[in-house]
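Structure assessment
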Amino acid sequence: MWILRASEASGSLTFRLANGTARTVGRAPTADFILNVALVSRLHCRLVASDDALSVEDLASTNGTFLNNQRIDQAIATGGDRLRIGRVELMVEKAVT
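Some remarks on the overall build of the protein chain
- Along its length, the protein chain carries zero helices and 11 strands.
- Secondary structure elements in the protein chain, listed N-terminal to C-terminal, are β-β-β-β-β-β-β-β-β-β-β.
- The C-alpha atoms of the protein chain give 12 Å as radius of gyration, which agrees with the globular expectation for 97 residues (13 Å, within 12%).
- Referenced to the eigenvectors of the C-alpha coordinate spread, the extents of the protein chain come out at roughly 35 × 25 × 25 Å.
- Contacts spanning at least 24 positions in sequence make up 34% of the contacts within the protein chain whose residues lie at least 6 apart.
- With the model as given, the accessible surface of the protein chain reaches about 5,300 Å², and the carbon-plus-sulfur share is 48%.
- Each charge class in the protein chain can be summarised by its mean position, and for the 11 positive and 10 negative side chains these summaries are 7 Å apart.

Laid out in structure tokens, this is it:
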């Protein structure tokens, strides 16, 4: 399982992804994880969780998706990485099972 936790400045958000699942992030009510904040597109990015990594894919968002301060189209995140969507920064954690 993967956990995405917002930093204190971004509020108290926590998203959990079980291994083998895919989730969308965005402002739209149809997004799996809703971030209704400035600079977030309706469907901003897609997250795909596996046992050893979290795949992040930008969905042609207006303001981009950033992993460790680098704008990405698609990338692999691991524990300790920082994922920024709009003004929300999420810390990527691998849950210990």
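Next comes the rest of the write-up.
What to know about unusual backbone geometry
- Of note in the backbone geometry, Leu 39 takes a positive phi value of approximately 75° without being a glycine.
- Note that Leu 39 resides in the loop between β4 (33-34) and β5 (45-49).
- Of note in the backbone geometry, Ala 60 takes a positive phi value of approximately 55° without being a glycine.
- Counting through the fold element by element, Ala 60 comes out in the loop between β6 (54-58) and β7 (65-67).

Topic: the packing of aromatic side chains
- Scanning all chains against the criterion turns up one aromatic pair.
- Plain terms: the ring middles of Phe 15 and Phe 33 are 4.5 Å apart, the flat faces sit at 15° to each other, and that makes the pair stacked. Here Phe 33 lies in strand β4 and Phe 15 lies in strand β2 (residues 14-17), a separation of 18 residues in the sequence.
- For Arg 84, the ring lying beneath its charged end belongs to Phe 66, and the centroid distance is 4.2 Å.

The rules behind the values
Residues numbered from 1 in each chain as written. Predicted model: local features only at pLDDT ≥ 70, side-chain atom pairs only at ≥ 80, totals over all residues. Heavy atoms only, no water. Helix = DSSP H or I, 4+ residues; strand = E, 2+ residues; numbered from the N terminus. Rg over C-alpha atoms; globule rule 2.2 N^0.38 Å. Contact = heavy atoms within 4.5 Å. Areas by Shrake-Rupley, 256 points an atom, 1.4 Å probe, with all protein chains shown as cover. Lys, Arg positive; Asp, Glu negative; His and termini not counted. Charge placed at Lys NZ, Arg CZ, Asp CG, Glu CD. Phe/Tyr/Trp six-rings, centres within 6.5 Å; stacked < 30°, edge-to-face > 60°. Lys NZ or Arg CZ within 6 Å of the ring centre and 35° of its normal.

Note that all results are geometric; they support no functional claim without further evidence.
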